[in-house]
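# Descriptive analysis of the structure
Each chain is listed here by its residues.
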Amino acid sequence: MPHSDSFWQFPYPSQRMPVLADNVVSTSQPLASAAGLQMLARGGNAVDAALATAIALTVVEPCMNGIGGDMFALVWHEGRLHGLNASGRAPAAWETARFAHLDGMDAIGWGSVTVPGVVSGWREIWEKFGSLPFEDLFEPAIRYARDGFLVSPTVHRQWQRQVPKLQGQPGFMEAFAPGGRAPLPGERFRCPGQATTLASIALSKGDSFYQGELAERIARHARETGGLLTEADLAAHRADWVEPISTAYRDLELHEIGPNGQGIGALMALGMLREFDLAEAGLDTARTLHLQIEAMRLAFADMYEHVGDPAHMPLGHAQLLDPAYLAERARLIDPRRAGTPRPGTPHSGGTVYLTAADRHGTMVSFIQSNFKGFGSGVVVPGTGIALQNRGWGFSTRAGHPNVVAPGKRPFHTIIPGFVTRNGEPLMSFGVMGGSMQAQGHVQMMSRLADFGQNPQAASDAPRWRVKDDNVGIAVEWNCPPEVVAQLRDMEHNITVSPRFDLEFGSAQMAMRLPSGYLAASDHRKDGYAVGL
(Lines give C-alpha, C1' and ligand atoms only; values in the text may rest on other atoms or scores of the structure.)
Protein backbone atom coordinates (compact mmCIF):
# COMPACT_ATOMS: atom_id res chain seq x y z
CA MET A 1 0.00 0.00 0.00
CA PRO A 2 2.59 2.71 0.92
CA HIS A 3 4.42 2.19 -2.41
CA SER A 4 1.30 2.49 -4.59
CA ASP A 5 0.94 5.59 -6.80
CA SER A 6 -2.51 6.42 -5.45
CA PHE A 7 -1.29 6.38 -1.84
CA TRP A 8 1.29 9.12 -2.53
CA GLN A 9 -1.08 11.58 -4.21
CA PHE A 10 -1.91 14.93 -2.57
CA PRO A 11 -4.85 16.28 -4.58
CA TYR A 12 -5.95 19.21 -2.39
CA PRO A 13 -4.40 22.65 -1.98
CA SER A 14 -3.29 23.31 1.57
CA GLN A 15 -2.41 26.33 3.65
CA ARG A 16 0.41 26.46 6.16
CA MET A 17 1.21 28.74 9.05
CA PRO A 18 4.59 30.29 9.86
CA VAL A 19 6.62 29.34 12.93
CA LEU A 20 7.13 31.98 15.65
CA ALA A 21 10.07 31.44 18.01
CA ASP A 22 13.22 32.91 19.52
CA ASN A 23 15.47 30.63 17.44
CA VAL A 24 14.42 29.33 14.02
CA VAL A 25 15.55 27.13 11.14
CA SER A 26 13.74 26.95 7.82
CA THR A 27 14.67 24.73 4.92
CA SER A 28 13.29 22.46 2.22
CA GLN A 29 13.62 19.16 4.10
CA PRO A 30 12.29 18.28 7.59
CA LEU A 31 15.15 15.93 8.52
CA ALA A 32 17.65 18.68 7.72
CA SER A 33 15.69 21.24 9.73
CA ALA A 34 15.75 18.79 12.64
CA ALA A 35 19.56 18.63 12.40
CA GLY A 36 19.72 22.39 12.81
CA LEU A 37 17.29 22.32 15.70
CA GLN A 38 19.50 19.77 17.46
CA MET A 39 22.42 22.22 17.35
CA LEU A 40 20.27 25.00 18.80
CA ALA A 41 19.13 22.66 21.58
CA ARG A 42 22.79 21.98 22.41
CA GLY A 43 23.38 25.70 22.87
CA GLY A 44 24.72 26.34 19.39
CA ASN A 45 24.09 29.55 17.47
CA ALA A 46 22.43 30.24 14.12
CA VAL A 47 25.62 29.47 12.19
CA ASP A 48 25.97 26.08 13.89
CA ALA A 49 22.33 25.35 13.06
CA ALA A 50 22.71 26.47 9.45
CA LEU A 51 25.79 24.32 8.94
CA ALA A 52 24.30 21.17 10.46
CA THR A 53 21.25 21.72 8.26
CA ALA A 54 23.33 22.27 5.13
CA ILE A 55 25.51 19.23 5.75
CA ALA A 56 22.43 17.07 6.36
CA LEU A 57 20.87 18.32 3.13
CA THR A 58 23.70 16.78 1.11
CA VAL A 59 22.46 13.41 2.40
CA VAL A 60 18.67 13.72 2.57
CA GLU A 61 18.19 15.81 -0.59
CA PRO A 62 21.11 14.65 -2.78
CA CYS A 63 19.15 15.29 -5.96
CA MET A 64 19.46 19.04 -5.29
CA ASN A 65 22.89 19.52 -3.68
CA GLY A 66 25.95 17.62 -2.52
CA ILE A 67 29.45 17.53 -1.11
CA GLY A 68 30.80 18.26 -4.59
CA GLY A 69 28.91 21.55 -5.01
CA ASP A 70 29.31 25.27 -4.22
CA MET A 71 27.83 27.60 -1.61
CA PHE A 72 27.24 31.27 -0.81
CA ALA A 73 26.14 32.85 2.46
CA LEU A 74 25.16 36.16 4.03
CA VAL A 75 25.52 36.41 7.81
CA TRP A 76 24.21 39.24 9.97
CA HIS A 77 26.31 39.28 13.12
CA GLU A 78 26.83 41.98 15.72
CA GLY A 79 25.55 44.83 13.58
CA ARG A 80 27.18 43.95 10.28
CA LEU A 81 26.37 41.89 7.18
CA HIS A 82 29.12 39.55 5.96
CA GLY A 83 29.24 37.84 2.55
CA LEU A 84 30.93 34.54 1.68
CA ASN A 85 31.58 33.35 -1.88
CA ALA A 86 32.60 29.68 -1.76
CA SER A 87 32.17 28.95 -5.46
CA GLY A 88 34.86 26.99 -7.26
CA ARG A 89 36.95 27.76 -10.30
CA ALA A 90 37.73 26.14 -13.64
CA PRO A 91 40.54 23.55 -13.75
CA ALA A 92 43.92 24.85 -14.90
CA ALA A 93 43.65 22.74 -18.07
CA TRP A 94 40.49 24.52 -19.21
CA GLU A 95 42.18 26.82 -21.70
CA THR A 96 39.75 29.01 -23.65
CA ALA A 97 40.91 27.56 -26.98
CA ARG A 98 39.93 24.06 -25.87
CA PHE A 99 36.23 25.09 -25.96
CA ALA A 100 36.25 27.72 -28.74
CA HIS A 101 34.68 25.38 -31.32
CA LEU A 102 31.66 24.65 -29.09
CA ASP A 103 28.34 26.48 -29.12
CA GLY A 104 28.16 26.00 -25.37
CA MET A 105 29.62 24.10 -22.45
CA ASP A 106 28.77 20.50 -21.64
CA ALA A 107 25.69 20.13 -19.44
CA ILE A 108 26.85 16.91 -17.74
CA GLY A 109 30.00 14.82 -17.46
CA TRP A 110 33.57 15.86 -16.69
CA GLY A 111 33.38 18.72 -19.19
CA SER A 112 31.06 20.53 -16.76
CA VAL A 113 32.96 19.91 -13.49
CA THR A 114 34.57 22.87 -11.75
CA VAL A 115 36.35 22.72 -8.39
CA PRO A 116 33.80 22.13 -5.59
CA GLY A 117 33.70 24.96 -3.07
CA VAL A 118 31.07 23.95 -0.52
CA VAL A 119 33.42 22.19 1.91
CA SER A 120 35.69 25.25 2.06
CA GLY A 121 32.62 27.37 2.76
CA TRP A 122 31.54 25.17 5.66
CA ARG A 123 34.94 25.61 7.28
CA GLU A 124 35.22 29.35 6.62
CA ILE A 125 31.85 30.25 8.08
CA TRP A 126 32.38 27.96 11.10
CA GLU A 127 35.83 29.42 11.83
CA LYS A 128 34.44 32.97 11.77
CA PHE A 129 31.13 32.49 13.57
CA GLY A 130 30.60 28.92 14.81
CA SER A 131 30.43 28.04 18.50
CA LEU A 132 30.08 24.23 18.64
CA PRO A 133 32.91 21.82 17.72
CA PHE A 134 33.10 21.36 13.94
CA GLU A 135 32.69 17.58 14.24
CA ASP A 136 29.39 17.98 16.13
CA LEU A 137 27.80 19.66 13.11
CA PHE A 138 28.24 16.49 11.06
CA GLU A 139 26.63 14.03 13.47
CA PRO A 140 23.06 14.10 12.08
CA ALA A 141 24.22 13.89 8.45
CA ILE A 142 26.58 11.00 9.15
CA ARG A 143 23.78 9.17 10.95
CA TYR A 144 21.35 9.72 8.03
CA ALA A 145 23.96 8.46 5.55
CA ARG A 146 25.03 5.43 7.63
CA ASP A 147 21.65 4.29 8.99
CA GLY A 148 19.53 5.60 6.13
CA PHE A 149 16.53 7.91 5.86
CA LEU A 150 13.03 7.57 4.44
CA VAL A 151 12.73 9.24 1.04
CA SER A 152 9.83 11.66 0.62
CA PRO A 153 7.55 11.74 -2.45
CA THR A 154 8.93 15.13 -3.51
CA VAL A 155 12.57 14.02 -3.28
CA HIS A 156 11.72 10.76 -5.09
CA ARG A 157 10.13 12.73 -7.93
CA GLN A 158 13.19 14.99 -8.32
CA TRP A 159 15.58 12.06 -8.02
CA GLN A 160 13.87 9.75 -10.50
CA ARG A 161 13.65 12.45 -13.19
CA GLN A 162 17.45 12.61 -13.30
CA VAL A 163 18.31 8.89 -13.44
CA PRO A 164 17.77 8.39 -17.23
CA LYS A 165 19.92 11.42 -18.06
CA LEU A 166 22.80 10.60 -15.70
CA GLN A 167 22.91 6.81 -15.79
CA GLY A 168 25.90 6.80 -18.16
CA GLN A 169 28.09 9.01 -15.99
CA PRO A 170 30.94 7.31 -14.10
CA GLY A 171 29.96 6.27 -10.60
CA PHE A 172 26.41 7.63 -10.62
CA MET A 173 24.30 4.47 -10.70
CA GLU A 174 26.38 2.62 -8.12
CA ALA A 175 26.01 5.45 -5.61
CA PHE A 176 22.55 6.89 -6.17
CA ALA A 177 20.53 4.33 -8.15
CA PRO A 178 21.93 0.96 -7.07
CA GLY A 179 18.68 -0.79 -7.96
CA GLY A 180 18.53 0.84 -11.37
CA ARG A 181 16.13 3.52 -10.13
CA ALA A 182 15.71 6.19 -7.50
CA PRO A 183 14.51 5.04 -4.07
CA LEU A 184 10.72 4.95 -3.83
CA PRO A 185 8.65 7.17 -1.51
CA GLY A 186 8.88 5.78 1.99
CA GLU A 187 11.87 3.58 1.09
CA ARG A 188 15.02 3.75 3.25
CA PHE A 189 18.13 4.90 1.40
CA ARG A 190 21.65 4.47 2.75
CA CYS A 191 24.92 5.85 1.42
CA PRO A 192 27.71 4.48 3.63
CA GLY A 193 30.41 6.03 1.42
CA GLN A 194 28.95 9.45 2.10
CA ALA A 195 29.04 8.77 5.85
CA THR A 196 32.75 7.94 5.61
CA THR A 197 33.42 11.04 3.51
CA LEU A 198 31.62 13.36 5.92
CA ALA A 199 33.49 11.85 8.85
CA SER A 200 36.78 12.52 7.06
CA ILE A 201 35.80 16.13 6.36
CA ALA A 202 34.68 16.61 9.97
CA LEU A 203 37.88 15.26 11.49
CA SER A 204 40.20 17.14 9.10
CA LYS A 205 38.11 20.34 9.06
CA GLY A 206 37.89 19.95 5.29
CA ASP A 207 41.62 19.53 4.63
CA SER A 208 41.19 15.96 3.37
CA PHE A 209 38.89 17.24 0.61
CA TYR A 210 41.39 19.69 -0.85
CA GLN A 211 44.82 18.34 0.09
CA GLY A 212 44.37 14.81 1.44
CA GLU A 213 42.84 11.42 0.78
CA LEU A 214 39.58 12.70 -0.71
CA ALA A 215 41.40 15.07 -3.06
CA GLU A 216 43.51 12.17 -4.31
CA ARG A 217 40.41 10.02 -4.93
CA ILE A 218 38.65 12.82 -6.84
CA ALA A 219 41.70 13.49 -9.02
CA ARG A 220 42.31 9.79 -9.63
CA HIS A 221 38.71 9.31 -10.75
CA ALA A 222 39.17 12.21 -13.16
CA ARG A 223 42.34 10.71 -14.66
CA GLU A 224 40.74 7.30 -15.05
CA THR A 225 37.44 8.46 -16.60
CA GLY A 226 38.35 11.44 -18.80
CA GLY A 227 38.32 14.43 -16.46
CA LEU A 228 40.85 17.28 -16.23
CA LEU A 229 40.45 18.13 -12.54
CA THR A 230 43.73 17.60 -10.65
CA GLU A 231 45.11 17.55 -7.11
CA ALA A 232 46.67 20.95 -7.83
CA ASP A 233 43.29 22.42 -8.82
CA LEU A 234 41.76 21.26 -5.54
CA ALA A 235 44.72 22.45 -3.44
CA ALA A 236 44.58 25.92 -5.05
CA HIS A 237 40.94 26.52 -4.13
CA ARG A 238 39.91 29.17 -1.64
CA ALA A 239 36.63 30.68 -0.47
CA ASP A 240 36.43 34.47 -0.26
CA TRP A 241 34.79 36.85 2.19
CA VAL A 242 33.21 39.60 0.07
CA GLU A 243 31.34 42.84 0.62
CA PRO A 244 27.64 42.35 -0.25
CA ILE A 245 26.04 44.62 -2.85
CA SER A 246 22.59 46.18 -2.40
CA THR A 247 19.89 48.48 -3.69
CA ALA A 248 17.04 50.36 -2.04
CA TYR A 249 13.46 49.41 -2.87
CA ARG A 250 10.76 51.51 -1.22
CA ASP A 251 11.66 51.55 2.48
CA LEU A 252 13.70 48.33 2.30
CA GLU A 253 17.22 47.46 1.17
CA LEU A 254 17.94 44.16 -0.59
CA HIS A 255 21.46 42.76 -0.15
CA GLU A 256 23.03 40.14 -2.42
CA ILE A 257 26.38 38.48 -3.10
CA GLY A 258 27.85 40.29 -6.11
CA PRO A 259 29.11 38.75 -9.37
CA ASN A 260 29.90 36.00 -10.26
CA GLY A 261 26.35 35.43 -8.91
CA GLN A 262 23.01 36.44 -10.41
CA GLY A 263 21.90 38.45 -7.37
CA ILE A 264 22.71 41.61 -9.28
CA GLY A 265 19.86 40.72 -11.65
CA ALA A 266 17.33 41.02 -8.83
CA LEU A 267 18.82 44.37 -7.78
CA MET A 268 18.67 45.71 -11.34
CA ALA A 269 15.03 44.67 -11.77
CA LEU A 270 14.06 46.32 -8.49
CA GLY A 271 15.95 49.45 -9.53
CA MET A 272 13.74 49.64 -12.62
CA LEU A 273 10.57 48.90 -10.68
CA ARG A 274 11.29 51.90 -8.41
CA GLU A 275 10.08 53.98 -11.37
CA PHE A 276 6.55 52.51 -11.16
CA ASP A 277 3.79 52.57 -8.55
CA LEU A 278 3.06 48.87 -8.12
CA ALA A 279 0.86 49.45 -5.07
CA GLU A 280 -1.44 51.52 -7.27
CA ALA A 281 -1.29 48.87 -10.00
CA GLY A 282 -2.70 46.39 -7.48
CA LEU A 283 -1.88 43.10 -5.79
CA ASP A 284 -1.76 40.09 -8.14
CA THR A 285 -3.05 42.08 -11.12
CA ALA A 286 -1.93 41.59 -14.71
CA ARG A 287 -0.52 45.13 -14.76
CA THR A 288 1.72 44.47 -11.73
CA LEU A 289 2.91 41.13 -13.08
CA HIS A 290 3.58 42.69 -16.49
CA LEU A 291 5.78 45.42 -15.03
CA GLN A 292 7.69 42.93 -12.89
CA ILE A 293 8.19 40.54 -15.80
CA GLU A 294 9.43 43.27 -18.15
CA ALA A 295 11.88 44.64 -15.59
CA MET A 296 13.20 41.12 -14.98
CA ARG A 297 13.64 40.45 -18.70
CA LEU A 298 15.63 43.65 -19.16
CA ALA A 299 17.76 42.79 -16.13
CA PHE A 300 18.40 39.30 -17.50
CA ALA A 301 19.43 40.72 -20.89
CA ASP A 302 22.08 42.85 -19.17
CA MET A 303 23.11 40.13 -16.75
CA TYR A 304 23.72 37.52 -19.43
CA GLU A 305 25.76 40.02 -21.47
CA HIS A 306 27.88 41.67 -18.79
CA VAL A 307 28.20 39.42 -15.70
CA GLY A 308 30.83 36.79 -14.90
CA ASP A 309 33.84 36.46 -12.63
CA PRO A 310 34.29 40.04 -11.31
CA ALA A 311 38.02 39.86 -12.00
CA HIS A 312 37.18 39.58 -15.71
CA MET A 313 34.22 42.00 -16.00
CA PRO A 314 34.97 45.27 -17.88
CA LEU A 315 32.01 46.78 -15.99
CA GLY A 316 31.72 46.77 -12.22
CA HIS A 317 28.49 46.24 -10.33
CA ALA A 318 28.28 49.99 -9.65
CA GLN A 319 27.78 50.72 -13.35
CA LEU A 320 25.06 48.08 -13.67
CA LEU A 321 23.26 49.40 -10.55
CA ASP A 322 23.63 53.08 -11.39
CA PRO A 323 20.18 54.64 -10.65
CA ALA A 324 20.32 56.83 -13.75
CA TYR A 325 21.06 53.82 -15.95
CA LEU A 326 18.26 51.75 -14.40
CA ALA A 327 15.81 54.64 -14.80
CA GLU A 328 16.83 54.78 -18.45
CA ARG A 329 16.22 51.04 -18.78
CA ALA A 330 12.83 51.38 -17.05
CA ARG A 331 11.73 53.82 -19.75
CA LEU A 332 11.94 50.93 -22.23
CA ILE A 333 9.05 49.19 -20.44
CA ASP A 334 5.74 49.69 -22.23
CA PRO A 335 2.98 49.48 -19.60
CA ARG A 336 0.61 48.00 -22.18
CA ARG A 337 2.55 45.30 -24.02
CA ALA A 338 5.53 42.97 -23.85
CA GLY A 339 8.76 44.23 -25.35
CA THR A 340 11.90 42.65 -26.80
CA PRO A 341 14.61 42.95 -24.16
CA ARG A 342 18.15 43.61 -25.33
CA PRO A 343 21.25 44.37 -23.27
CA GLY A 344 22.02 47.99 -22.65
CA THR A 345 25.33 49.85 -22.43
CA PRO A 346 25.93 51.00 -18.87
CA HIS A 347 28.19 53.99 -18.37
CA SER A 348 31.76 52.74 -17.98
CA GLY A 349 33.49 53.54 -14.78
CA GLY A 350 18.89 22.09 -8.90
CA THR A 351 19.80 24.01 -5.28
CA VAL A 352 18.95 24.07 -1.59
CA TYR A 353 18.40 27.19 0.45
CA LEU A 354 18.11 27.47 4.22
CA THR A 355 17.99 30.17 6.83
CA ALA A 356 18.61 30.17 10.57
CA ALA A 357 18.39 32.88 13.21
CA ASP A 358 19.04 32.90 16.94
CA ARG A 359 17.96 34.83 20.01
CA HIS A 360 21.27 36.74 20.06
CA GLY A 361 20.42 38.38 16.72
CA THR A 362 22.63 36.38 14.36
CA MET A 363 20.84 35.60 11.10
CA VAL A 364 22.15 33.34 8.32
CA SER A 365 21.10 33.26 4.67
CA PHE A 366 22.72 30.14 3.20
CA ILE A 367 22.53 28.42 -0.18
CA GLN A 368 24.39 25.48 -1.72
CA SER A 369 23.99 23.52 -4.90
CA ASN A 370 25.38 21.06 -7.44
CA PHE A 371 23.55 23.23 -10.03
CA LYS A 372 21.26 20.96 -12.06
CA GLY A 373 20.10 18.37 -9.55
CA PHE A 374 22.93 15.90 -8.94
CA GLY A 375 25.15 18.14 -11.09
CA SER A 376 27.49 16.57 -13.64
CA GLY A 377 26.36 13.05 -12.79
CA VAL A 378 29.98 12.14 -12.08
CA VAL A 379 30.30 10.45 -8.66
CA VAL A 380 33.61 9.52 -7.04
CA PRO A 381 33.40 5.76 -6.26
CA GLY A 382 32.85 4.82 -2.63
CA THR A 383 32.57 8.43 -1.42
CA GLY A 384 29.06 9.67 -2.20
CA ILE A 385 30.68 12.79 -3.72
CA ALA A 386 28.52 13.89 -6.66
CA LEU A 387 30.43 16.59 -8.55
CA GLN A 388 28.72 19.77 -9.68
CA ASN A 389 28.22 20.91 -13.28
CA ARG A 390 28.87 24.62 -12.71
CA GLY A 391 31.14 24.70 -15.75
CA TRP A 392 27.93 24.68 -17.79
CA GLY A 393 27.53 28.30 -16.67
CA PHE A 394 30.54 29.48 -18.72
CA SER A 395 30.25 31.05 -22.16
CA THR A 396 32.34 29.83 -25.10
CA ARG A 397 31.99 33.18 -26.91
CA ALA A 398 35.34 34.91 -27.40
CA GLY A 399 35.60 38.19 -25.56
CA HIS A 400 32.58 37.59 -23.33
CA PRO A 401 33.18 38.47 -19.65
CA ASN A 402 32.05 34.95 -18.76
CA VAL A 403 34.11 33.07 -21.36
CA VAL A 404 35.67 29.89 -19.96
CA ALA A 405 39.30 30.20 -18.83
CA PRO A 406 41.66 28.49 -16.35
CA GLY A 407 41.12 29.34 -12.70
CA LYS A 408 38.06 31.45 -13.49
CA ARG A 409 34.75 31.35 -11.64
CA PRO A 410 31.69 30.74 -13.89
CA PHE A 411 28.50 32.77 -13.82
CA HIS A 412 26.52 31.41 -10.89
CA THR A 413 22.79 31.08 -10.24
CA ILE A 414 22.69 30.47 -6.47
CA ILE A 415 22.07 33.58 -4.38
CA PRO A 416 21.22 34.11 -0.72
CA GLY A 417 19.20 37.26 0.03
CA PHE A 418 19.04 39.57 3.02
CA VAL A 419 16.73 42.52 3.71
CA THR A 420 17.33 45.48 5.99
CA ARG A 421 15.20 48.48 6.96
CA ASN A 422 16.92 51.68 8.06
CA GLY A 423 20.16 49.77 8.46
CA GLU A 424 18.63 47.18 10.79
CA PRO A 425 18.18 43.48 9.92
CA LEU A 426 14.68 42.50 8.81
CA MET A 427 14.75 39.19 6.91
CA SER A 428 17.08 36.47 5.68
CA PHE A 429 15.58 34.64 2.72
CA GLY A 430 16.13 32.79 -0.52
CA VAL A 431 14.20 31.24 -3.40
CA MET A 432 16.16 28.27 -4.75
CA GLY A 433 15.88 27.11 -8.32
CA GLY A 434 18.16 28.13 -11.23
CA SER A 435 17.18 31.36 -12.98
CA MET A 436 14.07 31.47 -10.77
CA GLN A 437 16.18 32.73 -7.89
CA ALA A 438 16.63 36.36 -8.95
CA GLN A 439 13.00 36.40 -10.11
CA GLY A 440 11.86 34.98 -6.80
CA HIS A 441 13.77 37.65 -4.89
CA VAL A 442 12.04 40.36 -6.92
CA GLN A 443 8.60 38.87 -6.29
CA MET A 444 9.22 38.43 -2.55
CA MET A 445 10.54 41.99 -2.21
CA SER A 446 7.58 43.48 -4.04
CA ARG A 447 5.10 41.56 -1.93
CA LEU A 448 6.76 42.80 1.25
CA ALA A 449 7.50 46.38 0.23
CA ASP A 450 4.61 47.20 -2.11
CA PHE A 451 1.81 45.19 -0.54
CA GLY A 452 2.83 44.56 3.07
CA GLN A 453 2.39 40.79 2.92
CA ASN A 454 3.89 38.53 5.58
CA PRO A 455 6.64 36.10 4.47
CA GLN A 456 4.43 33.00 4.46
CA ALA A 457 1.76 34.68 2.33
CA ALA A 458 4.45 36.02 0.01
CA SER A 459 5.77 32.48 -0.41
CA ASP A 460 2.32 30.90 -0.85
CA ALA A 461 1.23 33.28 -3.64
CA PRO A 462 1.26 32.10 -7.28
CA ARG A 463 4.55 32.88 -9.04
CA TRP A 464 5.57 33.79 -12.55
CA ARG A 465 8.82 32.77 -14.21
CA VAL A 466 10.71 34.17 -17.19
CA LYS A 467 11.99 31.14 -19.08
CA ASP A 468 15.66 30.68 -19.91
CA ASP A 469 15.16 32.01 -23.44
CA ASN A 470 14.11 35.35 -21.86
CA VAL A 471 10.98 35.30 -24.03
CA GLY A 472 8.46 32.77 -22.76
CA ILE A 473 6.67 33.25 -19.44
CA ALA A 474 5.37 30.46 -17.20
CA VAL A 475 2.80 31.01 -14.47
CA GLU A 476 1.72 28.58 -11.78
CA TRP A 477 -1.41 26.48 -12.04
CA ASN A 478 -3.37 28.69 -9.62
CA CYS A 479 -2.69 32.02 -11.31
CA PRO A 480 -6.19 33.52 -11.89
CA PRO A 481 -7.43 32.79 -15.45
CA GLU A 482 -8.41 36.43 -16.01
CA VAL A 483 -4.84 37.51 -15.21
CA VAL A 484 -3.46 34.95 -17.67
CA ALA A 485 -5.85 36.21 -20.36
CA GLN A 486 -4.87 39.85 -19.76
CA LEU A 487 -1.15 39.01 -19.95
CA ARG A 488 -1.76 37.27 -23.27
CA ASP A 489 -3.57 40.38 -24.47
CA MET A 490 -0.34 42.25 -23.62
CA GLU A 491 1.43 39.88 -26.05
CA HIS A 492 3.18 37.74 -23.44
CA ASN A 493 3.87 34.17 -24.51
CA ILE A 494 2.25 32.53 -21.46
CA THR A 495 2.34 28.88 -20.40
CA VAL A 496 0.26 27.73 -17.42
CA SER A 497 2.24 25.07 -15.59
CA PRO A 498 0.71 22.01 -13.93
CA ARG A 499 0.50 21.72 -10.16
CA PHE A 500 3.67 20.37 -8.52
CA ASP A 501 5.84 21.87 -11.26
CA LEU A 502 9.23 22.29 -9.56
CA GLU A 503 10.47 25.15 -11.76
CA PHE A 504 9.07 27.95 -9.58
CA GLY A 505 11.59 27.60 -6.80
CA SER A 506 11.21 27.06 -3.09
CA ALA A 507 11.41 29.92 -0.61
CA GLN A 508 12.59 29.85 3.00
CA MET A 509 12.45 32.99 5.16
CA ALA A 510 13.16 34.24 8.66
CA MET A 511 11.81 37.71 9.54
CA ARG A 512 12.88 39.54 12.66
CA LEU A 513 10.00 40.62 14.91
CA PRO A 514 10.17 43.03 17.86
CA SER A 515 10.60 39.87 19.95
CA GLY A 516 11.78 36.70 18.19
CA TYR A 517 11.32 35.62 14.57
CA LEU A 518 8.70 34.58 12.05
CA ALA A 519 9.95 31.64 9.97
CA ALA A 520 8.19 30.68 6.74
CA SER A 521 8.71 27.69 4.47
CA ASP A 522 7.58 26.91 0.94
CA HIS A 523 4.77 24.43 0.27
CA ARG A 524 6.21 23.60 -3.17
CA LYS A 525 8.71 21.13 -1.69
CA ASP A 526 9.00 19.43 1.70
CA GLY A 527 9.59 22.81 3.34
CA TYR A 528 9.74 22.78 7.09
CA ALA A 529 10.31 25.60 9.56
CA VAL A 530 11.12 24.78 13.19
CA GLY A 531 11.72 26.86 16.28
CA LEU A 532 13.03 26.69 19.79
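Quick notes on the rules
Residues numbered from 1 in each chain as written. Predicted model: local features only at pLDDT ≥ 70, side-chain atom pairs only at ≥ 80, totals over all residues. Heavy atoms only, no water. Domains from an automatic or database assignment. Contact = heavy atoms within 4.5 Å. Buried area = accessible area lost by both parts, 1.4 Å probe. Salt bridge = Lys/Arg side-chain N within 4 Å of Asp/Glu carboxyl O. Polar contact = N/O pair within 3.5 Å; in protein donor to acceptor, adjacent residues only side chain to side chain. Helix = DSSP H or I, 4+ residues; strand = E, 2+ residues; numbered from the N terminus. Pairing = 2+ DSSP bridges. Axes fitted to C-alpha atoms, helices over the stretch in contact; angles between N-to-C directions.

## A short note on the domain arrangement of the chain
As far as domains go, the chain holds domain 1 (27-241 + 371-393) and domain 2 (243-353 + 414-527). If you average the C-alpha positions of domain 1 and of domain 2, the two centres end up 27 Å apart. On the side of domain 2, 28 residues touch domain 1, which itself brings 31 residues to the contact. Each partner contributes to the roughly 2,400 Å² buried at the junction of domain 1 and domain 2, and carbon and sulfur atoms together form 59% of this total. On inspection of domain 1 and its partner domain 2, the count reaches 3 salt bridges. Where E61 meets K525, a salt bridge forms, and the shortest distance between an N and an O atom there is 2.6 Å. Summed over the shared surface of domain 1 and domain 2, the number is 10 residue pairs in polar contact (both at pLDDT 80 or more). At the level of elements, β3 (70-77), β4 (80-86) and α6 (153-166) are the ones that each hand at least two residues to the side of domain 1 that touches domain 2.

## Observations regarding the sheet that holds strand β16 (residues 464-466)
Hydrogen bonds along the backbone pair up the strands of a sheet, which may run parallel or antiparallel. Read from one edge of the open sheet, 3 strands run β16-β17-β18, paired in mixed fashion. Because the sheet does not close on itself, it has two edges, and the strands there are β16 and β18 (494-496). Looking at each pair of strands side by side, their axes are set apart by 25 degrees on average, direction ignored. Pairing analysis gives 3 bridges linking β16 to strand β17 (residues 473-475), with the strands arranged antiparallel. Pairing of V466 across the sheet is with I473, part of β17. Helix α19 (residues 481-489) rests against β17 and β18 of the sheet, and its axis sits at about 160 degrees to β18.

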